[in-house]
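# Understanding the architecture of this molecule
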Number of protein chains: 2
Amino acid sequence: MQIAIVLFDRFTALDAVGPYEILSRAPGAETVFVAERTGPVRNDSGSLALVADRTLADVPAPDVVIVPGGPGQSAQMENETLLGWLRAADATSTWTTSVCTGSLLLAAAGLLKGRRATSHWLALDLIKTFGAEPTGERVVIEGKYVTAAGVSSGIDMGLTLLGRIAGDEHAQAVQLLTEYDPRPPYDAGSPEKAPAALVEEFRAKSRFILR
Amino acid sequence: MQIAIVLFDRFTALDAVGPYEILSRAPGAETVFVAERTGPVRNDSGSLALVADRTLADVPAPDVVIVPGGPGQSAQMENETLLGWLRAADATSTWTTSVCTGSLLLAAAGLLKGRRATSHWLALDLIKTFGAEPTGERVVIEGKYVTAAGVSSGIDMGLTLLGRIAGDEHAQAVQLLTEYDPRPPYDAGSPEKAPAALVEEFRAKSRFILR
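Quick caveat, the model's predicted, so the values are computed rather than measured.

The rules behind these values
For every chain, the first residue of the written sequence is number 1, and numbering continues from 1 along that sequence. Labels are handed out in written order, letters beginning with A for the chains and numbers beginning with 1 for the ligands. Under the rules for a predicted model, residues below a pLDDT of 70 receive no local features and side-chain atom pairs below 80 are neither given nor counted, while totals for whole chains, interfaces and linings still include all residues. Side-chain metrics rest on all non-hydrogen atoms present in the structure, leaving aside hydrogens and water. Aromatic rings from Phe, Tyr and Trp, with only the six-membered ring used for Trp, were paired whenever their centres fell within 6.5 Å, and each pair was classed as stacked if the ring planes differed by under 30 degrees, edge-to-face if by over 60, and tilted otherwise. Numbering goes from the N terminus for both helices and strands, where a helix is a DSSP run of H or I of at least four residues and a strand is a run of E of at least two. Throughout, exposure labels follow a simple rule: accessible area from a 1.4 Å probe, protein chains only, divided by the maximum for the residue type, with under 20% read as buried, over 50% as exposed, and the rest as partly exposed. For this analysis, residues touch if any pair of their heavy atoms sits within 4.5 Å. Put simply, buried area is how much 1.4 Å-probe accessible surface two parts lose in total, over both of them, once they are put together. In what follows, salt bridge is the name for a side-chain nitrogen of Lys or Arg lying within 4 Å of a carboxyl oxygen of Asp or Glu. Distance and chemistry together define a polar contact, namely a pair of N or O atoms within 3.5 Å, with one atom able to donate a hydrogen and the other to accept it when in protein, and with adjacent residues in sequence counting only for side-chain atoms on both sides. Asp, Glu, Lys and Arg are counted as charged, while Ala, Val, Leu, Ile, Met, Phe, Trp, Tyr, Cys and Pro are counted as nonpolar; the rest, among them Gly, fall into the polar class. Here, strands pair whenever DSSP counts at least two bridges between them. Only the stretch in contact is used when a helix axis is fitted, and all axes are lines through C-alpha atoms; the angle between N-to-C directions ranges over 0 to 180 degrees. Handedness is read with the strands pointing away from the viewer; a crossover is right-handed when the path from the first strand over the helix to the second is clockwise. UniProt positions are given in the numbering used here, feature names are shortened, and annotations may be inferred rather than shown by experiment.

## Considerations on the packing of aromatic side chains
All names here are of chain B. On inspection of all chains with the given rule, the structure shows 4 aromatic pairs over all chains. For the pair Y20 and F33, a centre-to-centre distance of 5.2 Å together with 55° between the ring planes defines the contact as tilted. Highlighted residues: Y20 in helix α1 (residues 13-23) and F33 in strand β2 (residues 30-35), separated in sequence by 13 residues. The exposure class assigned to Y20 is buried, which follows from its relative accessible area of 1%. For F33, a relative accessible area of 0% translates into the label buried. Measuring from centroid to centroid gives 6.4 Å for W121 and F202, while their planes differ by 80°, and the two rings are edge-to-face. Taken together, the residues W121 in the loop between β8 (116-117) and α4 (124-128) and F202 in helix α7 (residues 196-204) connect sequence positions 81 residues apart. For W121, a relative accessible area of 5% translates into the label buried.

## Focus: helix α6 (residues 168-177) of chain B
Within α6 of chain B the residues assigned to the buried category are A171, A173, V174, Q175, L176 and L177 of chain B. Phi for E179 of chain B, located one or two positions after α6 of chain B, is positive at around 45°.

## Topic: the interface of chain A and chain B
Facing 63 residues of chain A, the contacting portion of chain B comprises 63 residues. Across the chain A to chain B interface the summed buried area is about 5,400 Å²; carbon plus sulfur atoms make up 60%. The largest contributions to the chain A side of the interface with chain B come from L176, E179 and Y186 of chain A, which together make up 15% of the buried area. There are 6 salt bridges connecting chain A and chain B. R42 of chain B is the salt-bridge partner of D53 of chain A, the closest N and O atoms lying 2.7 Å from each other. At the surface where chain A touches chain B, the tally comes to 44 residue pairs in polar contact (both at pLDDT 80 or more). Mapped onto the side of chain A that touches chain B, the elements with two or more residues apiece are α1 (13-23), β2 (30-35), β3 (39-42), β4 (49-52), α5 (153-166), α6 (168-177) and α7 (196-204) of chain A. The greatest single-element share of the side of chain A that touches chain B, amounting to 8 residues, is contributed by α6 of chain A. Class assignment of the residues belonging to the side of chain A that touches chain B gives a composition of 32 nonpolar, 17 polar and 14 charged.

## Quick word on the sheet that holds strand β7 (residues 95-99) of chain A
Residue and element names in this part refer to chain A. Spatially, the 7 strands line up as an open sheet ordered β5-β2-β1-β6-β7-β11-β10, and their pairing is mixed. The open sheet has two edge strands, β5 (54-55) and β10 (139-142), and neither has a second partner. In the packing of α5 onto the sheet, the strands contacted are β6 (64-67), β7, β10 and β11 (145-148), and the crossing angle to β7 comes to about 165°.

## Some words on the sheet that holds β2 of chain B
All names here are of chain B. As summarised here, the arrangement of the 7 strands in space is β5-β2-β1-β6-β7-β11-β10, forming an open sheet in which the pairing is mixed. Either end of the sheet is taken by a strand with one partner, and the two such strands are β5 (54-55) and β10 (139-142). As judged from the 4 bridges shared by strand β7 (residues 95-99) and strand β11 (residues 145-148), these two strands associate in the parallel manner. Looking at the pairing, T96 lines up with Y145 of β11.

## Considerations on the pairing of β7 of chain A
Residue and element names in this part refer to chain A. Among the 5 residues that make up β7, 5 are buried, leaving the element largely enclosed by the rest of the structure. As defined by bridge partners, β6 adjoins β7 across 4 bridges and the pair is classed as parallel. Each bridged residue has a counterpart across the sheet, and for V65 the counterpart in β7 is T96. With helix α2 (residues 80-92) bridging β6 and its parallel neighbour β7, the resulting β-α-β unit is right-handed.

## Observations concerning the pairing of β10 of chain A
Residues and elements named next belong to chain A. Here β10 pairs with β11 via 4 bridges, running antiparallel. Within β11, the residue paired with I141 across the bridge is V146. Connecting β10 to the antiparallel partner β11 that follows it, the hairpin turn spans 2 residues, and G143 within it adopts a positive phi of roughly 60°.

## Topic: the UniProt feature "domain: DJ-1/PfpI" (unreviewed entry) in chain A
Here the UniProt-annotated "domain: DJ-1/PfpI" (unreviewed entry) positions come out as residues 2-162 of chain A. Between the end C-alpha atoms of residues 2-162 of chain A the distance is 13 Å, and the span holds 29% helix and 26% strand.

## Describing the side chain of T55 of chain A
Residue and element names in this part refer to chain A. Relative to the assigned elements, T55 resides in strand β5. Exposure remark for T55: the relative accessible area of 18% places this residue in the buried category. If sequence neighbours within four positions are ignored, T55 has contacts with V34, A35, E36, R37 and T38.

## Some details on the pattern of salt bridges
Note that side chains of opposite charge can pair when their charged atoms are close. This structure, assessed with the given rule, holds 26 salt bridges over all chains. D187 of chain A is paired through a salt bridge with K193 of chain A; the nearest N and O atoms lie 3.7 Å apart. The exposure class assigned to D187 of chain A is exposed, which follows from its relative accessible area of 51%. Between E201 of chain B and K205 of chain B there is a salt bridge, and its shortest N-O distance comes to 3.4 Å.

## Observations concerning the environment of K144 of chain B
Residue and element names in this part refer to chain B. As for its placement among the helices and strands, K144 is situated in the loop between β10 and β11. With relative accessibility at 22%, the residue K144 sits in the partly exposed group. The spatial distance from the C-alpha of K144 to the C-alpha of V64 is 9.6 Å, given a sequence separation of 80 residues. Ignoring anything within four residues of it in the chain, the contact list for K144 reads D90, S93, T94, W95 and T96. From its side chain, K144 meets the backbone oxygen of S93 in a polar contact 3.0 Å long.

What follows is the structure, given as structure tokens:
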């Protein structure tokens, strides 16, 4: 099973590495980081680069496609090299997935039309404009399309998908090995739970946050 | 505030990227990935490389030190270049931290003697042999020494530490932005919660898992 994780300038690192750490532990998985060009790809803050080992063209038909989000997503929304690759890869994939605003790229490629999907909570309105049906769920499975909410939700998506791919027991083994027994010291991880003032502040400047 | 995240061959990616994604969002943070040599450093499975932008020598006195774990930790336990750097950096750091078996490196450097600390659940016995006092807590704060349990626990550590560094409100803002409202689809993330047979199986082969 080949898993392709797409990188682009100014992606968010945890969007990619969260599901990577879980799904790359599927039996027989070959996981490959891909981008338009091979070599280091810088994240949103510029302080971390992950290496793309293969080009998009090198990996035309992965079994699983994972598209992270991040502020750099907006610059890719009309990048036909990437969008065309997503469409072609999706034609033969078993699972087509995204984390955070990565779902906007799937949507821009036309893959989420009429489908339930999610994204970063600040991008739920935007994804609707591409014909997707946004939900407030953390992980949305719609046929072979699996979308996750913001950043850290990719870990939950990875584990959910690993259960489907490799069975509950294997997924539990990976949960134990990665000690995924989360204990956030605060309870502010969703717009429903966070202080209202904070939510409003982010909504007011969302156009800057998402770019 | 300078944050140094240490890389070495066969580290575990999420150990490093979890706390990175949270702590790099502290106000005024300059986060830098360091290793003995600059350039790509491959993780445990070999399918992902993160770029070390600076050498250890380039970054002698960071305010925050973060040491990830991973099977590659065992090959570093007598690496005096790294251990010496850890001791020197610790002499002036505000926080000296680790995720997963990274605490074994802090312990090997002599920094956890007589201190409460944690590690990956399979390494708790081992850390005792270096004079640390292992606990089953997910994040242990002992003065300026902060150790986290396995892999994914670095996110909880990052958020806990961000609260201490930047205040509760900023930490909550970062929790909301990274949508850290975890919903694991299974409840097997600790040896207390996972199926007993799975725990025993891992214990039986722990020497292979940790190397």
